[in-house]
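Secondary and tertiary structure notes
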Amino acid sequence: MSEWQRRLLIVEDDVGLQRQLRWSFEDYDVVMAGDRAAALSLLRSHEPAVVLQDLGLPPDAAGTTEGFATITDILQQAPHTKIIVVTGNGDRDNAVKSIGCGAYDFCSKPLDLDVLRLIVDRAFRVYELEAENRQLKSQSAATLDGIIGSSEVMRAACRLVEKVSPSNATVLLLGETGTGKELFARAVHRLSKRRDGPFVAINCAAIPEPLLEAELFGYEKGAYTGAHKQTKGKIELAADGSLLLDEIGDMPVALQAKLLRFFQQRVVERIGGRELIPVDVRVICATHQDLHALIRAGRFREDLFYRVSEVSILLPPLRDRVGDVALLARYFLEQAASRHGRNIHGFTPKALKAIEAYPWRGNVRELENAVNSAVIMAEGKQIGVEELHFGAISGGDALNLHEVRAVAEKRAIERALSQAGGNLTRVADLLGVSRPTLYDLLDKYDLKKPAHAD
Ligand SMILES: Nc1ncnc2c1ncn2[C@@H]1O[C@H](COP(=O)(O)OP(=O)(O)OP(=O)(O)O)[C@@H](O)[C@H]1O
């Protein structure tokens, strides 16, 4: 816990009790006030996370008016402060009223100092978690609507989307499965002048070759057996809007020629038709494949590649987005909790650590599914590591000890590298290995030595 998070303001006019409380909380950074004015002044200058406040304060030490006014003033000035109210013996009504005024908890006189310590400790923890949450939320606000991420790579991708969307340029979204290619394609559409037009998506890998041509270009009545009526293809259906050609790398070579013609002339010819129909559509393409490798293998036309990749945006795998995993996990938790009507507030620290350490091969989609099912299964108010079922969601991969060890080893080295900067002696120290062993490990996991390594 950092310095400011340990700061406790005690508002108490009884000098004897002040001394006793200061002694009980000597491991905290305690500031002491005897009345409302002093409390508010210390609140401004010290910004305590937690306030322990007597309800009977001067000039109404025997009553509660001044105490309630102090609670209201504190929360008006610093609404996130956790106030613990000290009430008279058996004064249940005022304890309940304090909570109604926004106090966090209460404790009755005579004070049981062990219980009070527990309440205060818990208040600090809750304050810390809420502060973390607020920070994560403000970070995520820096990206596009509905796209969560604070890592530099995601911010850069979002900036590129903002820049390119208003133009008509064909955008190629590259990234492993589940990295958010479709989400980004929708963002490109939303930020373009075509936002009121349709957004039509077609997955080129999911449709058998003979049907794909008809799906894309449409057909005339009687063009083939079963063509009972004239049908528009997806390109035409996306007129004045945007068309997402998902998994463009799986487009059959024969169809690539026809698609290229569309890119060049911006007209479509339905199967069995003679008419060339002009279509004004913005095309966005996506693939998890390496198109350069497909070009070298003769499976993707180079001239088509240049047409589809006027602007390329790479969406890195989740494991390479520093800081995004926790942010996304919390986002999906909030969404799932409200969708399923579950009162779940977050993850246990152990679960969060496990989430950050997990390789997430299925990327954001896998994380979303894992959190969603954990929300459904959770029994308490926080999701624990056992509710995340890492083994089950990884399709059994996690049972392969060799692989589990390799993943953990690589992540530990990456962490040590980022903590120690370019100092390889320190990296070796952190990992508890010799420098020659560290060099072997860097080679084994294909990790780059820092450019300024010692
Ligand atoms: N940065 C993000 N913020 C919030 N949700 C995200 C983010 N990235 C992905 N998602 C969510 O993760 C899921 C998968 O994303 P999406 O379908 O866009 O991935 P994809 O790369 O197109 O996957 P595939 O290649 O398998 O089709 C979706 O539910 C999407 O809303």
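Residues numbered from 1 in each chain as written. Predicted model: local features only at pLDDT ≥ 70, side-chain atom pairs only at ≥ 80, totals over all residues.

On to the overall build of the protein, then. In terms of regular secondary structure, the protein is built from 19 helices and 16 strands. For the protein, with 454 residues in total, the buried portion stands at 32%. Nonlocal contacts in the protein, meaning residues at least 24 apart in sequence, comprise 66% of its contacts between residues at least 6 apart. (Helix = DSSP H or I, 4+ residues; strand = E, 2+ residues; numbered from the N terminus. Buried ≥ 20, exposed ≤ 12 C-beta atoms within 10 Å, placed from the backbone. Contact = placed C-beta atoms within 7 Å.)

Our focus in this paragraph is the environment of Gly-241. Its location among the elements puts Gly-241 in the loop between helix H9 (234-237) and strand S10 (242-246). Beyond its immediate sequence surroundings of up to four residues, Gly-241 is in contact with Arg-194, Gly-197, Pro-198, Phe-199, Val-200 and Val-281.

Before going further, it helps to spend a moment on unusual backbone geometry. In this structure, Pro-59 follows Pro-58 across a cis peptide bond, with omega equal to 10°. Checked against the element boundaries, Pro-59 lands in the loop between strand S3 (50-54) and helix H3 (65-77). A positive phi angle is found at Arg-266, which is not glycine, with a value near 55°. Among the secondary structure elements, Arg-266 is positioned in the loop between helix H10 (253-265) and strand S11 (267-268). Positive phi, close to 45°, is recorded for Trp-360, a residue that is not glycine. For Trp-360, the position within the fold is in the loop between helix H14 (349-357) and helix H15 (363-377). Looking at Trp-360, the number of C-beta atoms within 10 Å reads 22, which means it is buried.

Judged by nonpolar contacts, the single largest core of 40 residues is most densely connected at Leu-173, Phe-184, Leu-245, Ile-284 and Cys-285. Going through the elements one at a time, helix H6 (152-164), strand S6 (171-174), helix H7 (181-190), helix H8 (209-217), S10, strand S13 (282-287), helix H11 (291-296) and helix H12 (302-308) are the ones with two or more residues in this core. Aside from chain neighbours lying at most four places away, what touches Leu-173 is Lys-181, Phe-184, Ala-185, Ile-284, Ala-286, Ile-313 and Leu-315. Residues Leu-21, Ala-39, Leu-43 and Ala-123 belong to the second largest nonpolar core, which totals 28 residues. (Core = buried A, V, L, I, M, F, W, Y, C linked by C-beta atoms within 7 Å.)

Further remarks concern the site of the ligand. Neighbouring the ligand are 16 residues; Thr-177, Gly-180, Lys-181, Glu-182 and Val-364 lie closest to it. When residues of the shell around the ligand are traced back to their parent elements, those giving at least two are H7 and H15. Class assignment for the residues of the shell around the ligand results in five nonpolar, seven polar and four charged. The residue makeup of the shell around the ligand includes at least three contributed by each of domain 2 (152-314) and domain 3 (319-399). (Near = placed C-beta within 6 Å. Nonpolar A, V, L, I, M, F, W, Y, C, P; charged D, E, K, R; others polar. Domains from an automatic or database assignment.)

Okay, the environment of Val-325 next. When you line up the elements, Val-325 lands in helix H13 (residues 324-339). On a C-alpha basis, the gap between Val-325 and Leu-352 in space is 9.2 Å, while along the polypeptide they are 27 residues apart. Not counting chain neighbours up to four residues away, the residues in contact with Val-325 comprise Leu-318, Ile-355, Glu-356 and Leu-367.

This paragraph deals with the sheet that holds strand S2 (residues 29-33). In space, the five strands of this open sheet follow the order S2-S1-S3-S4-S5, with parallel pairing throughout. Lying at the two open borders of the sheet, with one neighbouring strand each, are S2 and strand S5 (105-108). In this sheet, adjacent strand axes meet at a mean angle of 20° when their direction is disregarded. Both strand S1 (residues 7-11) and S3 contribute to a ladder of four bridges, which runs parallel. The residue of S3 that forms the bridge with Val-11 is Gln-53. (Pairing = 2+ DSSP bridges. Axes fitted to C-alpha atoms, helices over the stretch in contact; angles between N-to-C directions.)

In the contact formed by helix H2 (residues 36-46) and H3, the axes pass within 10 Å of each other and the chain directions differ by 15°. Relative to H3, the element H2 is oriented roughly parallel. Crossing handedness for the pair H2 and H3: right-handed. Along its contact with H2, which presents Arg-36, Ala-39, Leu-40 and Leu-43, the element H3 presents Glu-66, Ala-69, Thr-70, Asp-73, Ile-74 and Gln-77. Split into classes, the residues belonging to the contact of H2 with H3 amount to five nonpolar, two polar and three charged. (Parallel < 35°, antiparallel > 145°, perpendicular 65-115°, else oblique. Left-handed = near helix turned anticlockwise from the far one by under 90°.)

Residues Val-171 and Leu-173 point to one face of S6 and Leu-172 and Leu-174 to the other, with burial holding for every one of them. Across four bridges, S6 lies against S13 in parallel orientation. Following the sheet pairing, Leu-173 is matched in S13 by Ala-286. With four bridges connecting them, S6 and strand S14 (residues 311-314) associate as parallel partners. Each bridged residue has a counterpart across the sheet, and for Leu-174 the counterpart in S14 is Leu-314.

Our next topic: H8. Restricting attention to buried positions, one finds in H8 the residues Leu-212, Ala-214, Leu-216 and Phe-217. At its buried positions, H8 is contacted by strand S7 (199-203), strand S8 (218-219), H9, H10 and S11.

Looking now at the environment of Val-427. By the secondary structure assignment, Val-427 is in helix H18 (residues 424-431). Along the primary structure Val-427 and Leu-417 are separated by ten residues, whereas in three dimensions their C-alpha atoms are 5.9 Å apart. Leave out the neighbours within four places in its chain, and Val-427 touches Ala-416, Leu-417, Ala-420 and Leu-438.

Ordered by their spatial adjacency, five strands build an open sheet running S7-S10-S13-S6-S14, and the pairing between neighbours is parallel. Whereas interior strands pair on both sides, the edge strands pair on one side only; in this sheet they are S7 and S14. Ignoring which end each strand starts from, the neighbouring axes of this sheet average 20° apart.

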